[in-house]
Amino acid sequence: MTKSIAIIGAGIAGLSCAQSLLEQGFSVKVFEKSRGLAGRCATRTRDGVSVDHGAQFFSAKSERFRDFVQRGIAQGHIASWQPKTFHPKANHDWYVGVPGMSSLAQLFNLNHCVQTQALVEEVQFKESSWEVTFTHQEKSIQEHFDGLILAIPAPQALTLLNRIDRQSFAKSAVLDTISQVVADIEMLPCWTVMLSCSQQLAHLWSYDVWQCPDSDLDLHPIGWFANDSTKPLRTASESTHSWILQASPKWSIQHLEDAPETIIATMTAELEKLLHISLTPCIEKATAHRWRYARVAGKTSHVTPFLFDHVSHLGLCGDYFSSSRIESAFLSGHALANQWTEQLQTS
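Residues numbered from 1 in each chain as written. Predicted model: local features only at pLDDT ≥ 70, side-chain atom pairs only at ≥ 80, totals over all residues. Heavy atoms only, no water.

This brings us to unusual backbone geometry. Residues Val 98 and Pro 99 are joined by a peptide bond in cis, for which omega reads 5 degrees. Here Pro 99 is to be found in the loop between strand E6 (94–97) and strand E7 (114–115). You will see that Gln 137, though not glycine, has its phi angle at about 55 degrees, which is positive. For Gln 137, the position within the fold is in the loop between strand E9 (129–136) and strand E10 (139–145). In this structure, His 313 is a non-glycine residue whose phi angle is positive, near 60 degrees. (Helix = DSSP H or I, 4+ residues; strand = E, 2+ residues; numbered from the N terminus.)

With respect to topology, six strands assemble into an open sheet ordered E7-E2-E1-E11-E18-E17, the strand pairing being mixed. Edge positions in the sheet fall to E7 and strand E17 (306–309), since each of these pairs with one other strand and no more. Judged from the four bridges that link them, strand E1 (residues 4–8) and strand E11 (residues 147–150) form a sheet pairing that is parallel. Looking at E11, one finds that Ile 7 is bridged to Ile 149. (Pairing = 2+ DSSP bridges.)

To continue, consider the packing of aromatic side chains. Where two aromatic rings form a pair, the distance of their centres and the angle of their planes describe that pair. Applying the stated criterion to the full structure yields 22 aromatic pairs. Ring geometry for Trp 205 versus Tyr 207: centroids 5.5 Å apart, planes at 55 degrees, classification tilted. Assessed through its relative accessible area of 5%, Trp 205 is described here as buried. Judged by its relative accessible area of 26%, Tyr 207 is partly exposed. Ring pairs connect the aromatic residues Phe 58, Phe 65, Phe 68, Tyr 95, Phe 108 and Phe 330, which therefore count as one cluster. Its end group placed over the ring of Tyr 207, Lys 84 keeps NZ or CZ at 5.2 Å from the ring centre. Above the ring of Trp 81, the side-chain terminus of Lys 231 is found at 5.1 Å from the ring centroid. (Phe/Tyr/Trp six-rings, centres within 6.5 Å; stacked < 30°, edge-to-face > 60°. Buried < 20%, exposed > 50% of the residue type's maximum accessible area, 1.4 Å probe, protein only. Lys NZ or Arg CZ within 6 Å of the ring centre and 35° of its normal.)

Two elements in contact, helix H3 (residues 154–162) and helix H4 (residues 172–183), have axes whose closest approach is 9 Å; the angle formed by their N-to-C orientations is 155 degrees. Overall, the two elements H3 and H4 adopt an arrangement that is roughly antiparallel. For the pair H3 and H4, the crossing hand works out as left-handed. Here Ala 154, Ala 157, Leu 158, Leu 161 and Asn 162 of H3 come into contact with H4, specifically with Leu 175, Ile 178, Ser 179, Val 182 and Ala 183. Here the contact of H3 with H4 is composed, by residue class, of eight nonpolar, two polar and no charged. (Axes fitted to C-alpha atoms, helices over the stretch in contact; angles between N-to-C directions. Parallel < 35°, antiparallel > 145°, perpendicular 65-115°, else oblique. Left-handed = near helix turned anticlockwise from the far one by under 90°. Contact = heavy atoms within 4.5 Å. Nonpolar A, V, L, I, M, F, W, Y, C, P; charged D, E, K, R; others polar.)

Written out as structure tokens, the structure reads:
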């Protein structure tokens, strides 16, 4: 049975997979290139004010994820969010991490087995084990594991898969098939603008959220606009609110390589046209962040929410195997861990 497993990526899929494998008795090490955990469930703090600049909220449809959410509520890391939306929804069961979306990482309690600021540059299959080469504190380090899981966006996973020496792989055709599945997955970008605005904006526009329906995303430059300070337990200034402005995928593709300053100016101008108000008197500070791999294009047709080769002990998980939802990422990691254990027990 495989004992030690390397997981590349500490987003929700990677953390869910790691936690499940640890519970089943495996030794796990997670490699994360960033300083923080939870991937696109990201929170940035500046001048004492926090703002979620990645995933904005989540819902819970499956029993397993509902249990996770209830545990998060009990531990104080998750809360319900009931904003005043421009387009009222019949079912408005939205949840957020508190005091920020990145707080979801604390529910997994995996700090002891995560190596942060570790950029994995290469993985190789050598003599029935996996060699992981990563950079940490300007040093190149190699470590070996019995199994490997890629829990990173599909294009980044494909880069690592393409660097594997096919001659050292027991069945190169299997690796080629996995690579082709991943190559066929299209991920879309998202430009995000963080706005620090005076409370005058809340008086000019009386809603907390404007969300473009998925069916209309190709028609609008703006995909999401929300007062982040209305979320529960947010750190905020008495006179300033944090607003999040996210572009639609199509618009983000068209402006992917624009400078942040250009993005801020162009997106705020589009928002002014959408809301029919002047933002200039309200904006005190603005910052742009580009998510190159923010969501999967449509729904994939893969039969399982993961990929797994029991011969080489190679697995992949992520929301891009089903849909761009936090719950999808969580379930993908959990399902891969279960498949890993079941396959090894029967082999």
